[in-house]
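Structural features, examined
Next come the chains, spelled out residue by residue.
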Number of protein chains: 2
Amino acid sequence: MKTVRLGLLGCGTVGGGVVRLIRENASVLATRVGAPLEIAKVLVRDPNKERVPGLERDRITTDAAAVLGDPSIDVVVEVLGGVDPAKGYVEQAIDTGRSVVTANKMLLAVHGPELVERAEKAGVDLAFEASVGGGIPVIRTLREALTSDAVTRLCGIVNGTSNYILTRMRQDGLPFVTALKEAQDKGYAEADPGLDVDGHDAAHKLVVLAMLAFGARVPHETVYTEGIRDIEPIDHEFAARFGYTVKHLAIGQMRETNGKKSVELRVHPALLPTHTTLANVNGVLNAILLEGRALGPCLLSGRGAGDLPTAVSVVADVVDVAGARLSGAGGRMTRSVRLAETHLAPIDDAECAYYLRFQVFDRPGVLAHIAGALAEENVSILEMVQRGGGDARGEPVQVVMMTHVAREGALRRALAAAAKGGDYIAKPTHVLRVAPVG
Amino acid sequence: MKTVRLGLLGCGTVGGGVVRLIRENASVLATRVGAPLEIAKVLVRDPNKERVPGLERDRITTDAAAVLGDPSIDVVVEVLGGVDPAKGYVEQAIDTGRSVVTANKMLLAVHGPELVERAEKAGVDLAFEASVGGGIPVIRTLREALTSDAVTRLCGIVNGTSNYILTRMRQDGLPFVTALKEAQDKGYAEADPGLDVDGHDAAHKLVVLAMLAFGARVPHETVYTEGIRDIEPIDHEFAARFGYTVKHLAIGQMRETNGKKSVELRVHPALLPTHTTLANVNGVLNAILLEGRALGPCLLSGRGAGDLPTAVSVVADVVDVAGARLSGAGGRMTRSVRLAETHLAPIDDAECAYYLRFQVFDRPGVLAHIAGALAEENVSILEMVQRGGGDARGEPVQVVMMTHVAREGALRRALAAAAKGGDYIAKPTHVLRVAPVG
Ligand SMILES: NC(=O)c1ccc[n+]([C@@H]2O[C@H](COP(=O)([O-])OP(=O)(O)OC[C@H]3O[C@@H](n4cnc5c(N)ncnc54)[C@H](OP(=O)(O)O)[C@@H]3O)[C@@H](O)[C@H]2O)c1
Ligand SMILES: NC(=O)c1ccc[n+]([C@@H]2O[C@H](COP(=O)([O-])OP(=O)(O)OC[C@H]3O[C@@H](n4cnc5c(N)ncnc54)[C@H](OP(=O)(O)O)[C@@H]3O)[C@@H](O)[C@H]2O)c1
């Protein structure tokens, strides 16, 4: 019986998990694929590092050509991370007719569409379940379960670090920096947490999801991106008072204005009604809510990272592409991605309800001033609550307003106007959007 | 180019949706399958009924042999419902080498393992995503995403009617009969609601899930099954007071006692901590929580019924089996089900924490009596709350106790003892289990 020979690029957290799962489940996987899987070559940087138990030394190499140049290798599994040299390796694997499985969200966010097209041309598969939501089968759901449906909206908690920090802030009133420190101590956040807490990692994943859900080719740096550094414990308190929970979300939706289609992609903290499923996805867990025209809402939730959860997804992809290859059906997975030129809607065109936390001096006329500035731009107020005031020392007062749905552009103009006149506003206003899902 | 010819058995709610989706998405589906899908024949009972728009009259037949006996048909889609004649038709399709897609949970609950084995022997696929959780890709997740993992537990809200009724009872304090009537008026519940509210439909689905998750061959009538008829609004109130929400759950878990493996399957109302995702799946929505050894928890939620959500799942299955067939890989899906002789753990061996609502006469010694009966069986009390009392008319008092984890058998003996002695207990005690998931 023929074996399917795998070339592993990288053997760190995820790669180690992949080796373990493939070894431990060898016979089941062979049944499923139609032939045994063999880990033929493993590329690493440091040949002397201790590796996952049972991995034979002679499989390990530091020479990429030993993997990519070996014609007996059928499937390449890229778990290096980063854009370079991963991109070149993946291209070479595709160009030499291998199917590729990757967990690399950054690579896909930057070069996804061109790699998909390259794979399509070469008639090979490019699978990337593990790139978004770790162990959550969201890519598979978009790719397979929804073939006969059209996704109209998606909304996800896709960064576990940010979700952990927000959860801890809300549950115990911790300030951001303390919660971040805790996340770092627990190994959930990197020493340089920017990619996570500033929203870039979530933006990468949103771009990957949007490619599958909407066929969107959108440069990740054009996605409107906000992180969670500015959230304060008081925002969690006020949100709870209005019946909401603050989560960091990646949101994508198809829009049609005057017959012109566009896609709206944005990453920012947002308010979700407290009793929704998404609002109750806590800690490092991830979740993605898909809305299909036929299917309606569909929520998938689970661990977004970790060696084994992620490896479960990588191995599921390996089984798919290896099986397809054996039966001569390679490339079909890639052909099902339907890329289209995409107009990205500017954030000023977005429409939602807002949470506005003004920090004002407690002087006569302050509310009239703010309400006037909002009214001028047709932003109407739904509810209002004030905290503090009557303070002799002149400490700023917190005034929180929930608005009806408004245009982002109008809101920004209103806030700019409020900030200018009258010297009422003590500190910059905190703006949170209400999520478009219930 | 060859087409893949489909024979549809049934064209009601789900069948109509299947026809619509296949027609509306013809070109995408053809890309995905590798050949166009053609709805060649459609079996119904009443040839004159109005059918889904665009379905040609000449495809419709009332003669099963015209579908099953047509050698040009590649894939049979069974959306008739019920065991007979569906079973015979599916067997005939398998025996004549066709792959089969079915949405029929009842058929699978009764004859699943033998149909899987029959399909395996014939080298064809048997797909049934729509049989559990309508549009939720749970079967696909068990079958594909988790190939390299082992499911240790599953816990699901799999009956939309029951979930709707419980949600309405909790949200508006409605009694069961009023909420049921509302569900019937909205078309969520059948005129004969027994299959739904007595838990049998959930038991059917649990048996299907357990077959995939644990390889279990378990007769559905041996699954411990309780419905929701006995839940009263006061149970929702007390549950909330202790921080729980009442849901109707299907629970399956692998157990190992003294090296002997068994599977525990049970269907009953249960208490879930209010802030868990599962507890916040409301209305007619379904959800299934899977726990994989490597993956950890994974929750899938969405519409459990309805023409289009269900049809999305049926069509995804059609694409899989049609594609596999074209590339000569038919039967692989079936081979991946690993059936095993299964020992079903008796319910008396189950262990969980309990909610006990006693209805007692407010007399000295009543609490000592109950506490004594529980202590005798080592069931220890965690919290207690009483409502009513000091009532001159002698109305029963509600005493609710939350226990620590105990054996079901011990609990039953304790309750029997409490009911006997002293004449304290006015009405039967309400017992709810606390779900094993957090
Ligand atoms: N960790 C997660 O939970 C998770 C979840 C989802 C997706 N992902 C994605 O999975 C990928 C891998 O992540 P990871 O956490 O496994 O990373 P990691 O632990 O840092 O492992 C990276 C591996 O690649 C090797 N490597 C890196 N650069 C190399 C080079 N230039 N030449 C040869 N070998 C090189 C390293 O070799 P040495 O061992 O010799 O240093 C190491 O074995 C990334 O794209 C990441 O975004 C990770
Ligand atoms: N409805 C849902 O939301 C849902 C969700 C998940 C799974 N399912 C499952 O899907 C299956 C179909 O459900 P459904 O709601 O679509 O049922 P349905 O609306 O009652 O449709 C049944 C169809 O089968 C035909 N049929 C029934 N018995 C027949 C017989 N002996 N000979 C020929 N034709 C026969 C009927 O023909 P006529 O039209 O001529 O009467 C009708 O077209 C069931 O197994 C159900 O459990 C349904």
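Let me begin by describing the structure that accompanies this report. (Residues numbered from 1 in each chain as written. Chains lettered and ligands numbered in written order. Predicted model: local features only at pLDDT ≥ 70, side-chain atom pairs only at ≥ 80, totals over all residues. Heavy atoms only, no water.)

1. Topic: the site of ligand 2
Residue and element names in this part refer to chain B. What counts here: Think of it this way: one heavy atom of a residue within 4 Å of a molecule or strand is enough to make that residue near it. Polar contact is the term for a pair of N or O atoms within 3.5 Å; when the atoms are in protein, one must be able to donate a hydrogen and the other to accept it, and sequence-neighboring residues count only if both atoms are side-chain atoms. The method behind every accessible area is Shrake-Rupley, applied with a 1.4 Å probe, and residues are considered shielded solely by the protein chains displayed.
Around ligand 2, the structure places 22 residues, and the nearest of them are Cys11, Val14, Asp46, Arg51 and Gly306. Between ligand 2 and the protein, one listed contact pairs an oxygen atom with a backbone N or O atom of threonine 13 at 2.9 Å. Here an oxygen atom of ligand 2 and a side-chain polar atom of lysine 49 are 2.9 Å apart. Protein contact buries 79% of the 900 Å² of open area that ligand 2 shows by itself.

2. Description of the interface of chain B and chain A
We apply this condition: By the convention used here, residues are in contact when the closest approach between their heavy atoms is within 4.5 Å. The quantity reported as buried area is the accessible area (1.4 Å probe) lost by two parts once they are put together, taken as the sum for both. Throughout this description, the term salt bridge denotes a Lys or Arg side-chain nitrogen within 4 Å of a carboxyl oxygen of Asp or Glu. Helix and strand definitions follow DSSP, with helices as H or I runs of at least four residues and strands as E runs of at least two, each counted in order from the N terminus. When DSSP locates at least two bridges between a pair of strands, those strands are taken to pair.
Each partner contributes residues to the interface: chain B has 50 residues there, and chain A has 50 residues. Counting the surface lost from both chain B and chain A, the interface buries some 4,200 Å², and carbon and sulfur atoms represent 58% of this. Of all residues in chain B, Arg32, Ser148 and Arg332 of chain B give up the largest surface area on contact with chain A, accounting jointly for 17% of the area buried on that side. Applying the counting criterion to the chain B and chain A interface returns two salt bridges. Between glutamate 144 of chain A and arginine 140 of chain B there is a salt bridge; the shortest N-O distance is 2.5 Å. For the pair chain B and chain A, the number of links is eight residue pairs in polar contact (both at pLDDT 80 or more). Those elements giving two or more residues to the side of chain B that touches chain A turn out to be helix H2 (26–33), helix H6 (138–145), strand E12 (296–303), helix H12 (307–326) and helix H13 (332–335) of chain B. The sheet contact formed by strand E12 (residues 296–303) of chain A and E12 of chain B spans five bridges and is antiparallel. Within E12 of chain B, the residue paired with glycine 302 of chain A across the bridge is cysteine 298 of chain B.

3. Thoughts on the pattern of salt bridges
We count it as follows: We call a residue buried when its accessible area falls under 20% of the maximum for its residue type, exposed when it is over 50%, and partly exposed in between, using a 1.4 Å probe and counting protein chains only.
Per the stated rule, a full pass over the model turns up 79 salt bridges over all chains. Put simply, glutamate 91 of chain B and lysine 87 of chain B hold a salt bridge, and the shortest N to O gap is 3.2 Å. Residue glutamate 91 of chain B and its partner lysine 87 of chain B are both found in helix H4 (residues 86–95); the two are separated by four residues, about one turn of the helix. Judged on exposure class, the residue glutamate 91 of chain B and its partner lysine 87 of chain B are both buried. Two residues, arginine 229 of chain B and aspartate 198 of chain B, come together in a salt bridge whose shortest N-O distance is 2.7 Å. With a gap of 31 residues between them, arginine 229 of chain B in the loop between strand E8 (224–225) and helix H11 (233–241) and aspartate 198 of chain B in the loop between helix H9 (194–197) and helix H10 (200–214) connect regions that are remote in the sequence. Classification of arginine 229 of chain B by relative accessible area gives partly exposed; the value is 40%. Here aspartate 198 of chain B falls in the partly exposed class, since its relative accessible area comes to 24%. Three or more residues are tied together by salt bridges with common partners; here these are Arg140, Arg143, Glu144, Asp317 and Asp320 of chain A together with Arg140, Arg143, Glu144, Asp317 and Asp320 of chain B.

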